[in-house]
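Notes for the structure review
Here's the letter readout for the chains.
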Amino acid sequence: KIAVVRMTGMISPGESRGGGVMGADTAIRTLRKLAKDDKVKGILLRIDSPGGSALASDNVWQVVKEVNAIKPVVASMGDVAASGGYYIAMAARAIVAEEPTITGSIGVVAAKLSLGELYAKLGVNVERFTRGGELAGLADSHRVMTAAERKWFAEVVADMYGRFTQN
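My aim in this report is to walk through the structure given alongside it, one point at a time. This is a predicted model, so every value here is computed, not measured. Numbering of residues begins from 1 in every chain and follows the order in which that chain's sequence is written. Owing to the predicted nature of the model, reporting of local features is limited to residues with pLDDT of at least 70; listing and counting of side-chain atom pairs is limited to 80 or more, with chain, interface and lining totals taken over all residues. Here the side-chain values reflect all heavy atoms present in the structure, with hydrogen atoms and water set aside.

Digging into the nonpolar core
Nonpolar side chains in soluble globular proteins tend to be buried together. Stated precisely, the cut-off is as follows: To form a nonpolar core, buried Ala, Val, Leu, Ile, Met, Phe, Trp, Tyr and Cys residues must be joined to one another through side-chain atoms within 4.5 Å. Summary of the burial criterion: residues with accessible area below 20% of their type's maximum are buried, those above 50% are exposed, and those between are partly exposed, where the area comes from a 1.4 Å probe applied to protein chains only. Here a helix means four or more residues in a row that DSSP labels H or I, a strand means two or more in a row labelled E, and each is numbered from the N terminus.
Core analysis: the biggest nonpolar cluster contains 33 residues, and Met-7, Leu-31, Ile-43, Leu-45, Val-60 and Ile-88 have the highest contact counts within it. Elements with a minimum of two residues in this core: β1 (2-8), α1 (24-36), β4 (42-49), α2 (54-68), β5 (73-82), α3 (84-89) and α5 (147-166). It is α2 that contributes the most residues to this core, seven residues altogether.

Right, here's the structure in full:
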């Protein structure tokens, strides 16, 4: 028999949940279970996702690649298979897209909020005590990033983009 795995919605870490969220942990667990099932001769991934978390997409991609070495995996693209959805499909032996499928768009986007001016206008005073290295306060929302933090952040984004484009 051929198993159909629906990968629908925004790709996120953790479990799938209602409202159009495909959890990487749920997808990975399903794929590994099907890989061990002797009755399943192949897997069809039905992907309808605009992407989402780069790490979650990469984790699913790795498992699709592993399972594809055991039994055939084919990706079928629905309405949208962009960014992480497209990336996951690339680990399959074959990709089938419908004529109106919107696909492509491999990219990595990351942002950090700097709300210090807003806090000042609202009269909010933020005091933060951190322990650790020079990147310990990276997630602080009340200030802009330091030069070292910007450099590290850019390197992380470039590394993830490199993983997408090299695979």
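Here's the deal with the side chain of Ser-76
Cut-off, in case you're wondering: Definition of a polar contact: a pair of N or O atoms within 3.5 Å, with one able to donate and the other able to accept a hydrogen when the atoms are protein atoms, and with sequence-neighbouring residues admitted only if both atoms are side-chain atoms.
Tracing the backbone shows Ser-76 in strand β5. Overall, the relative accessible area of 12% leaves Ser-76 in the buried class. Engagement of the side chain of Ser-76 in a polar contact is seen with the side chain of Arg-46, the distance being 2.6 Å.

A closer look at α2
Three- or four-residue spacings in an α-helix give side chains the same orientation, since the helix completes a turn every 3.6 residues. This is how it is decided: One fewer than the residue count of a helix, multiplied by 1.5 Å, yields its expected span.
The end-to-end C-alpha separation of α2 is 21 Å, in line with the 21 Å expected for 15 residues at 1.5 Å each. Here α2 has its buried residues at Ala-54, Ala-56, Ser-57, Asp-58, Val-60, Trp-61, Val-63, Val-64, Val-67 and Asn-68. The opening residue of α2 is Ser-53, an N-cap whose side-chain oxygen sits 3.4 Å from the backbone nitrogen of Leu-55.

Here's the deal with the environment of Asp-48
What counts, and what does not: Whether two residues touch is decided by their heavy atoms; if any such pair falls within 4.5 Å, the residues are in contact.
By the element assignment, Asp-48 lies in strand β4. Taking the C-alpha atoms as reference points, Asp-48 and Gly-14, separated by 34 residues in sequence, lie 18 Å from one another. Setting aside its immediate chain neighbours within four residues, Asp-48 contacts Met-7, Thr-8, Gly-9, Gly-78, Asp-79 and Val-80.

What to know about the packing of α2 against α5
Note the cut-off: Simply put, an axis is a line fit to the C-alpha atoms, just over the touching stretch for a helix, and the angle between two N-to-C directions goes from 0 to 180 degrees. With the far helix as reference, a near helix turned anticlockwise by less than a right angle produces a left-handed crossing, and one turned clockwise produces a right-handed crossing. Under the grouping applied here, Gly and all other residues not named as nonpolar or charged are polar, the nonpolar ones being Ala, Val, Leu, Ile, Met, Phe, Trp, Tyr, Cys and Pro and the charged ones Asp, Glu, Lys and Arg.
With their axes 11 Å apart at the nearest point, α2 and α5 run at an angle of 30° to one another. Viewed along their axes, α2 and α5 form a crossing whose handedness is left-handed. Counting all contacts with α2, which are made through Ala-54, Leu-55, Asp-58 and Gln-62, the residues of α5 involved are Met-160, Arg-163 and Phe-164. Residues belonging to the contact of α2 with α5 are distributed by class as follows: four nonpolar, one polar and two charged.

Some points on unusual backbone geometry
Positioned with a positive phi, Ser-83 is a non-glycine residue whose angle comes to about 50°. The buried category is assigned to Ser-83, whose relative accessible area is 13%.

Things to note about α5
Given a rise of 1.5 Å per residue, 20 residues ought to cover 28 Å, and the 28 Å separating the end C-alpha atoms of α5 matches this to within 8%. The secondary structure elements touched by the buried residues of α5 are α2 and α3.

Concerning the packing of α1 against α2
Here is the rule: Reported orientations rely on four angle classes, namely roughly parallel under 35 degrees, roughly antiparallel over 145, roughly perpendicular from 65 to 115, and oblique for the rest.
For the pair α1 and α2, interaxial distance at closest approach is 9 Å and the crossing angle is 5°. By the angle between their directions, the pair α1 and α2 is classed as roughly parallel. Residue-level contacts link Ala-24, Ala-27, Ile-28, Leu-31, Arg-32 and Ala-35 of α1 to Ala-56, Asn-59, Val-60, Val-63, Val-64, Glu-66 and Val-67 of α2. Grouping the constituent residues of the contact of α1 with α2 by class yields ten nonpolar, one polar and two charged.

A short note on the pattern of salt bridges
Where we set the bar: We define a salt bridge as a side-chain nitrogen of Lys or Arg found within 4 Å of a carboxyl oxygen belonging to Asp or Glu.
In total, this model carries six salt bridges according to the counting rule given. Two residues, Glu-66 and Arg-32, come together in a salt bridge whose shortest N-O distance is 3.7 Å. On the criterion of sequence distance, the pair formed by Glu-66 in helix α2 and Arg-32 in helix α1 is long-range, its members being 34 residues apart. Given a relative accessible area of 42%, Arg-32 falls into the partly exposed group. Connected via shared salt-bridge partners are Asp-140, Arg-143 and Glu-149.

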